[in-house]
Amino acid sequence: MMAPELAAARQEPEKSPVDGSSVFPPLLKVGVFPEAVEARFRSVFAMIDEEALEQDPALAALIGGIVTRSNYRITAELMDRLPRLRIITTNGVGYDGIALEHARQRGIAVTNTPDVLNKAVAELAVGMLLALLRRVPAADSYVRSGAWERSPFPLGASLAGKKVGIVGLGRIGKEIVQRLVPFEVDVSYFGRARQEVPWRHFDSLPAMAGHVDVLILSCPGGAATRHIVDAEVLHALGPNGVVVNVARGSVINEADLCQALASGTIQGAALDVFESEPLGESPLRSLPNVVLAPHIGSATHETRQQMAELAIRNLVSFFTTGRAITPVV
Ligand code: NAP
């Protein structure tokens, strides 16, 4: 069955019946998209990429919207180059890369794609946690290299029986918990508000870190959560503790994390996101007790397609009714 958002988007008048051109203003594309996703956007909108804009600055006057992804920046300067800009649509739930206050002041709508990516991000969080505890990447190399013929692989750690603390029990955090409960873990969470859930709430992150074995980060990025996981929190987590970050790189003080991993202050980390992406030269790349992923929380064919459909629905709805489906601003 066709997803509701897909069906809705397909019913919209996508092209002019007169000459086949798009009935919507052109969009500026900021970022790289999977081929199928880009093709879907181009089936509804005329798209201008940043290179074309650089080569022909006059295009700026035509652009009515920006389409982007979570790990790209939409600055106030870029917005101000586009006099007819009315909407910024990000394919992702996080919008910490967008100069939100400036958009608000200029009356530019901002939309994201919540919910449709929850399952994919939660699957990755659980998968990376298991990969870290059972050292799956190292075990794979062990077999491939022939090391297994010389000695058995060192023991890993079980997930069953562990205390897990979620930093940010929101849409994604709850999906992570739902998947972790069958592993027989004890769940607690840190967030600004206590929620009507059966798990223990902590209003202090160092206190929760001191209580748990596994710290999973699934809160938003941005100024309010910048470096909330620092040396103090890592020290509290302790030598048997591990961190999983599927939130934003900015949430962890990466220098403190590298220090804690190298010195044995904590046992390990599984990281999908980094302070600077793509990850360049970094001690993380040579530490043995980390599992690393290139920001792929939502990166499945199914999820990226659903995110694109919701983004398109937002744009179509906004340009035809003035109201977006999932507005942030
Ligand atoms: P959400 O539903 O808004 O949940 C966010 C949670 O974080 C809420 O429970 C909130 O609880 C908590 N939170 C917010 N501000 C906080 C603060 N200052 N201190 C502590 N907790 C805070 O968001 P979501 O849809 O689950 O997405 C969460 C984040 O995941 C996104 O913002 C994005 O950065 C990240 N993400 C990553 C990937 C990836 O590819 N790795 C993909 C998608 C999303 P309280 O309000 O009670 O504090």
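Residues numbered from 1 in each chain as written. Predicted model: local features only at pLDDT ≥ 70, side-chain atom pairs only at ≥ 80, totals over all residues. Heavy atoms only, no water.

Participant: So what about the environment of Thr 321? Which residues, and what values?
Facilitator: Examined against the element boundaries, Thr 321 turns out to sit in helix H12 (residues 301-321). C-alpha separation for the pair Thr 321 and Gly 31, spaced 290 residues apart in sequence, amounts to 27 Å. (Helix = DSSP H or I, 4+ residues; strand = E, 2+ residues; numbered from the N terminus.)

Participant: How would you sum up the UniProt feature "domain: D-isomer specific 2-hydroxyacid dehydrogenase NAD-binding" (unreviewed entry) in the chain? Please name residues and give values.
Facilitator: The UniProt entry lists residues 126-297 under the feature "domain: D-isomer specific 2-hydroxyacid dehydrogenase NAD-binding" (unreviewed entry), expressed in the numbering used here. Taken end to end, residues 126-297 is 30% helix and 16% strand, and its first and last C-alpha atoms sit 11 Å apart. (UniProt positions renumbered as here; feature names shortened; annotations may be inferred.)

Participant: Residues and numbers for H12, please.
Facilitator: Between its first and last C-alpha, H12 extends 30 Å over 21 residues, near the 30 Å set by a 1.5 Å rise per residue. Looking one or two residues past H12, Gly 322 carries a phi angle of roughly 85°, positive in sign. (Expected span 1.5 Å × (residues − 1).)

Participant: Lay out the pattern of salt bridges in plain terms, naming residues and giving numbers.
Facilitator: For the structure on display, the rule yields 10 salt bridges. Across the pair Arg 106 and Asp 80 runs a salt bridge, and its minimum N-O distance is 3.3 Å. Taken as a pair, Arg 106 in helix H5 (residues 100-106) and Asp 80 in helix H4 (residues 76-80) lie far apart in primary sequence, 26 residues in all. The class of Asp 80 is partly exposed, set by a relative accessible area of 47%. Three or more residues are tied together by salt bridges with common partners; here these are Lys 29, Glu 38 and Arg 42. (Salt bridge = Lys/Arg side-chain N within 4 Å of Asp/Glu carboxyl O. Buried < 20%, exposed > 50% of the residue type's maximum accessible area, 1.4 Å probe, protein only.)

Participant: Describe the packing of aromatic side chains, with residues and values.
Facilitator: A full pass over the atoms with the stated rule returns five aromatic pairs. Measuring from centroid to centroid gives 5.8 Å for Phe 318 and Phe 319, while their planes differ by 70°, and the two rings are edge-to-face. You'll find Phe 318 and Phe 319 in the same group, each marked buried. Pairwise contacts between aromatic rings join Phe 24, Phe 45, Phe 318 and Phe 319 into one cluster. (Phe/Tyr/Trp six-rings, centres within 6.5 Å; stacked < 30°, edge-to-face > 60°.)

Participant: Describe the side chain of Arg 248, and please don't skip the residues or the numbers.
Facilitator: Tracing the chain through its elements places Arg 248 in the loop between strand E10 (242-245) and helix H11 (254-263). Owing to a relative accessible area of 13%, Arg 248 belongs among the buried residues under this scheme. Apart from residues lying up to four places away in sequence, Arg 248 is in contact with Ser 70, Gly 94, Asp 96, Gly 221, Val 273 and His 295. (Contact = heavy atoms within 4.5 Å.)

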